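A look at the structure
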Amino acid sequence: MVDARGMRAWRQLLRAHAHVTRLLEAELDAAHHLPLAFYDVLVQLSEAPGHQLRMSELAHKVLLSRSGLTRLVDRMEREGLVERRSCPSDARGTLATLTDAGFSRLRDASGTHLRGVARHVLSHFTPEEQDIIAELLGRLGDPEIAPAVH
């Protein structure tokens with residue numbers, strides 16, 4: 001059973017996530033006409049070897065279903081931000097690849113996004129509290145994704 005304390009924690013986590021996501025989305029849209037979901041895909045591809053990932057792996061990293069990612073990549077491809085390529089090691093696989101235009105949009109938008117993260121999240125906590133939050137929330141994360149160590 002979940003008691004009142006647990007429900008309060010759960011609801012605050014949901015509210016905080018929704019609030020910050022809306023703020024970051026609005027800032028990226030206003031400054032760069034770039035949805036937060038596009039930004040997330042661009043970041044994942046920019047950090048991947050060769051700036052490309054299998055569609056299934058990218059879906060996992062951006063927390064979307066394969067069909068949801070397919071629709072998102074369709075839109076991004078129309079804007080020239082990514083392109084699909086056949087996987088050379090597996091003819092059945094498809095790679096999403098970051099284009100030069102996609103990298104440029106990411107570079108242009110990253111300052112806005114990082115300032116937003118700093119303003120809407122990090123500024124509310126000391127560095128020590130940020131470490132604690134990362135540790136606590138890391139317990140909920142995907143065990144396949146290793147936490148970053150600084």
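Right above here is the structure, for reference.
Being a predicted model, the structure only gives us computed values, none of them experimental. (Residues numbered from 1 in each chain as written. Predicted model: local features only at pLDDT ≥ 70, side-chain atom pairs only at ≥ 80, totals over all residues. Heavy atoms only, no water.)

1. Thoughts on the nonpolar core
Among the nonpolar cores identified, the biggest contains 27 residues, and Val41, Leu42, Leu45, Leu58, Leu69 and Met76 are the most heavily contacted of them. Of all elements in the fold, only α1 (4–32), α2 (36–47), α3 (55–61), α4 (66–78), β3 (90–98) and α5 (100–120) reach the threshold of two or more residues within this core. With 7 residues, the top contributor of residues to this core is α2. (Core = buried A, V, L, I, M, F, W, Y, C linked by side-chain atoms within 4.5 Å. Buried < 20%, exposed > 50% of the residue type's maximum accessible area, 1.4 Å probe, protein only. Helix = DSSP H or I, 4+ residues; strand = E, 2+ residues; numbered from the N terminus.)

2. Considering the packing of α2 against α4
Contact pair α2 / α4: the axes reach a minimum separation of 11 Å and the direction vectors enclose 90°. By the angle between their directions, the pair α2 and α4 is classed as roughly perpendicular. Between α2, through Ala37, Phe38, Val41 and Leu42, and α4, the contact on the second element is made entirely by Leu69, Leu72, Arg75 and Met76. Grouping the constituent residues of the contact of α2 with α4 by class yields 7 nonpolar, no polar and 1 charged. (Axes fitted to C-alpha atoms, helices over the stretch in contact; angles between N-to-C directions. Parallel < 35°, antiparallel > 145°, perpendicular 65-115°, else oblique. Contact = heavy atoms within 4.5 Å. Nonpolar A, V, L, I, M, F, W, Y, C, P; charged D, E, K, R; others polar.)

3. Regarding the packing of α1 against α5
Two numbers describe how α1 lies on α5: the axes approach to 10 Å, and their chain directions differ by 145°. As for how α1 packs across α5, the hand of that crossing is right-handed. The segment α1 lies against α5, with Val20, Leu23, Leu24, Glu27, Leu28, Ala31 and His32 engaging Arg105, Asp108, Ala109, Thr112, His113, Gly116, Val117, Arg119 and His120. Its residues assigned to classes, the contact of α1 with α5 shows 7 nonpolar, 5 polar and 4 charged. (Left-handed = near helix turned anticlockwise from the far one by under 90°.)

4. A word on α1
Because each turn of an α-helix spans 3.6 residues, side chains separated by three or four positions end up pointing in the same direction. In a regular helix each residue adds 1.5 Å, so 29 residues correspond to 42 Å; α1 covers 41 Å between its end C-alpha atoms and thus fits that length. Immediately beyond the C-terminal end of α1, within one or two residues, lies His33, with a positive phi of roughly 50°. (Expected span 1.5 Å × (residues − 1).)

5. Re the sheet that holds β3
The antiparallel open sheet is built from 3 strands, whose spatial order is β1-β3-β2. Here the strands that pair on one side only, and so sit at the sheet edges, are β1 (52–54) and β2 (82–87). On average, each strand axis in the sheet is tilted by 30° relative to the strand beside it, whichever way the strands run. α2 contacts β1, β2 and β3 of the sheet and is inclined by roughly 110° relative to β3. (Pairing = 2+ DSSP bridges.)

6. With respect to the environment of Gly93
Residue placement: Gly93 occurs in strand β3. A sequence separation of 38 residues divides Gly93 from Met55, and the C-alpha atoms of the two residues are 7.7 Å apart. Ignoring anything within four residues of it in the chain, the contact list for Gly93 reads Arg54, Arg85, Ser86 and Cys87.

7. Section: the pattern of salt bridges
Using the criterion set out here, one finds 7 salt bridges in the structure. Glu77 is the salt-bridge partner of Arg84, the closest N and O atoms lying 2.5 Å from each other. Glu77 sits in the partly exposed class, given a relative accessible area of 30%. Put simply, Glu79 and Arg105 hold a salt bridge, and the shortest N to O gap is 3.5 Å. One end of the pair, Glu79, is in the loop between α4 and β2; the other, Arg105, is in helix α5, with 26 residues separating them in the sequence. For Arg105, a relative accessible area of 22% corresponds to the partly exposed category. Each of Arg54, Asp90 and Arg92 takes part in a single network of salt bridges with overlapping partners. (Salt bridge = Lys/Arg side-chain N within 4 Å of Asp/Glu carboxyl O.)

8. Topic: unusual backbone geometry
The residue His33 is not glycine, and still its phi comes out positive at about 50°. Following the sequence through the fold, His33 ends up in the loop between α1 and α2. Positive phi outside glycine occurs at Leu63, with the angle close to 60°. We classify Leu63 as exposed; its relative accessible area is 74%.

Note that all results are geometric; they support no functional claim without further evidence.
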